Amino acid sequence: MLNIVIFGPPGAGKGTQSQLLIDQFNLIHLSTGDILRGEIAQGTELGIKAKSIMDRGDLVPDEVVIGMIRSILEKNPNAKGFIFDGFPRTTVQAESLDQMLNELNTSISTMLSLDVDVDELTKRLLERGKSSGRADDANESIIRNRIKEYNKKTAPLKKFYAKQNKLQSITGVGSVDSIYTKICEAIDQIK
Ligand code: ADP
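In this report, the structure presented in the accompanying data block is examined. (Residues numbered from 1 in each chain as written. Predicted model: local features only at pLDDT ≥ 70, side-chain atom pairs only at ≥ 80, totals over all residues. Heavy atoms only, no water.)

Regarding its fold elements, the protein chain presents nine helices and five strands. The order of helices and strands in the protein chain, counted from the N terminus, is β-α-β-α-α-α-β-α-β-α-α-α-β-α. Taking 191 residues into account, the globule formula puts the C-alpha radius of gyration at 16 Å, and the protein chain, at 16 Å, falls close to it. Once the C-alpha set of the protein chain is aligned to its principal axes, its extents read approximately 40 × 40 × 30 Å. Burial analysis of the protein chain (191 residues in total) assigns 46% to the buried set. Within the protein chain, contacts between residues separated by at least 24 positions form 72% of all contacts whose residues are at least 6 apart in sequence. Per element, the accessible surface of the protein chain, about 9700 Å² overall, is 50% carbon and sulfur. (Helix = DSSP H or I, 4+ residues; strand = E, 2+ residues; numbered from the N terminus. Rg over C-alpha atoms; globule rule 2.2 N^0.38 Å. Buried < 20%, exposed > 50% of the residue type's maximum accessible area, 1.4 Å probe, protein only. Contact = heavy atoms within 4.5 Å. Areas by Shrake-Rupley, 256 points an atom, 1.4 Å probe, with all protein chains shown as cover.)

Below, the structure written as structure tokens:
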């Protein structure tokens, strides 16, 4: 199986690059942000609870997102692999993911970390906010909170995967195609 963690701060381009990867490698895309926004759109109990947390730019509780991932893993026993996008975001989530994959006799193949500086991220998110309709893209102080949460709780996961020799850092600035080429080179490294 090819199991990829696509990693990086909000606005790094994880979703865009994931889309290219699923088409090429036939993987299942697991974006916790997309799944949560789907719950909000459907007005489920989970969605109602998650909305105010997400609109502030805070993280949804670990057990909620871990439960979502577990149920998708269980529903896809014959998958060729998964792309984890926006998950894990905390050490607890990363440890749970390792354990869940271990139970399925598989593991993370690589973590692809997209590096983009804060000014560029803020610019991209504000631009996206003009059309995305996402409350968390709409103003700079919420964007700053998301980046702060990322630096505090999520960025340490680079060390978590580096210790397992799985971290590959990629520049997330440049054209979509040029970044994707680097991603494919990184995947070739592990094959
Ligand atoms: P971005 O990477 O641009 O911030 P996402 O769609 O990945 O966008 O996430 C949007 C919001 O959804 C996050 O700010 C957070 O509130 C919530 N969320 C998504 N994934 C997780 C996760 N793994 N753990 C906790 N909260 C999450």
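Structure's up, so let's keep going.
Right, let's get into the pairing of strand β3 (residues 81-85). Among the five residues of β3, five are classified as buried, and the element is accordingly described as predominantly covered. Across the two faces of β3 the burial is the same, with G81, I83 and D85 and F82 and F84 all buried. Note that strand β1 (residues 2-7) and β3 share five bridges and pair parallel. Bridged to V5 within β3 is F84. (Pairing = 2+ DSSP bridges.)

Okay, the sheet that holds strand β5 (residues 167-171) next. Spatially, the five strands line up as an open sheet ordered β2-β3-β1-β4-β5, and their pairing is parallel. Of all the strands in the sheet, the pair left with one neighbour each is β2 (28-31) and β5. Along the sheet, successive strands turn relative to each other by an average axial angle of 20°, direction set aside. In the sheet, β2 pairs with β3 via four bridges, with the strands oriented parallel. Counted as the bridge partner of S31 is D85 from β3. Here helix α2 (residues 32-42) sits on the sheet and contacts β2 and β3; the angle it forms with β2, its principal contact strand, is near 70°. Most of the contacts of helix α9 (residues 176-190) go to β5, to which it runs at about 160°, and overall it touches β1, β4 (110-115) and β5. (Axes fitted to C-alpha atoms, helices over the stretch in contact; angles between N-to-C directions.)

Following both chains from N to C, one finds helix α1 (residues 14-25) and α9 inclined at 55°, their axes separated by 10 Å at the closest point. Between α1 and α9, the angle is such that the two are oblique. Here α1 and α9 pass one another in a crossing that is right-handed. Residues T16, Q17, L20, L21, Q24 and F25 of α1 lie in contact with α9, whose contacting residues are V176, I179, Y180, I183, C184 and I187. (Parallel < 35°, antiparallel > 145°, perpendicular 65-115°, else oblique. Left-handed = near helix turned anticlockwise from the far one by under 90°.)

Of all residues adjacent to the ligand, which total 20 residues, the nearest are T32, R37, D58, G86 and Q93. Within the side chain of R128, a nitrogen or oxygen atom sits 3.2 Å from an oxygen atom of the ligand. Compared with its free state, where it exposes 550 Å², the ligand has 97% of that area covered by protein. Looking at the shell around the ligand element by element, the count peaks at four residues for α2. Classifying every residue of the shell around the ligand gives seven nonpolar, five polar and eight charged. (Near = heavy atom within 4 Å. Polar contact = N/O pair within 3.5 Å; in protein donor to acceptor, adjacent residues only side chain to side chain. Nonpolar A, V, L, I, M, F, W, Y, C, P; charged D, E, K, R; others polar.)

This part covers the nonpolar core. Ranked by internal contacts, the top residues of the largest apolar core, which has 28 residues, are V5, I69, L73, F84, L97 and Y161. Only β1, α3 (45-56), α4 (62-75), β3, α5 (91-103) and α8 (157-163) provide two or more residues apiece to this core. When neighbours within four sequence positions are excluded, Y161 is seen to be in contact with V5, P88, A94, L97, I108, M111, K166 and L167. Core analysis: the second largest hydrophobic core is formed by 23 residues, I83, V116, I183 and I187 among them. (Core = buried A, V, L, I, M, F, W, Y, C linked by side-chain atoms within 4.5 Å.)

Here we come to the environment of A186. Within the secondary structure layout, A186 lies in helix α9. Owing to a relative accessible area of 6%, A186 belongs among the buried residues under this scheme. Along the sequence, A186 and T110 sit 76 residues apart, while their C-alpha atoms lie 8.7 Å from each other. Discounting chain neighbours no more than four positions away, the residues touching A186 are L112, Q168 and I170.

Remember that the coordinates give geometry; whether it matters functionally is a separate question.
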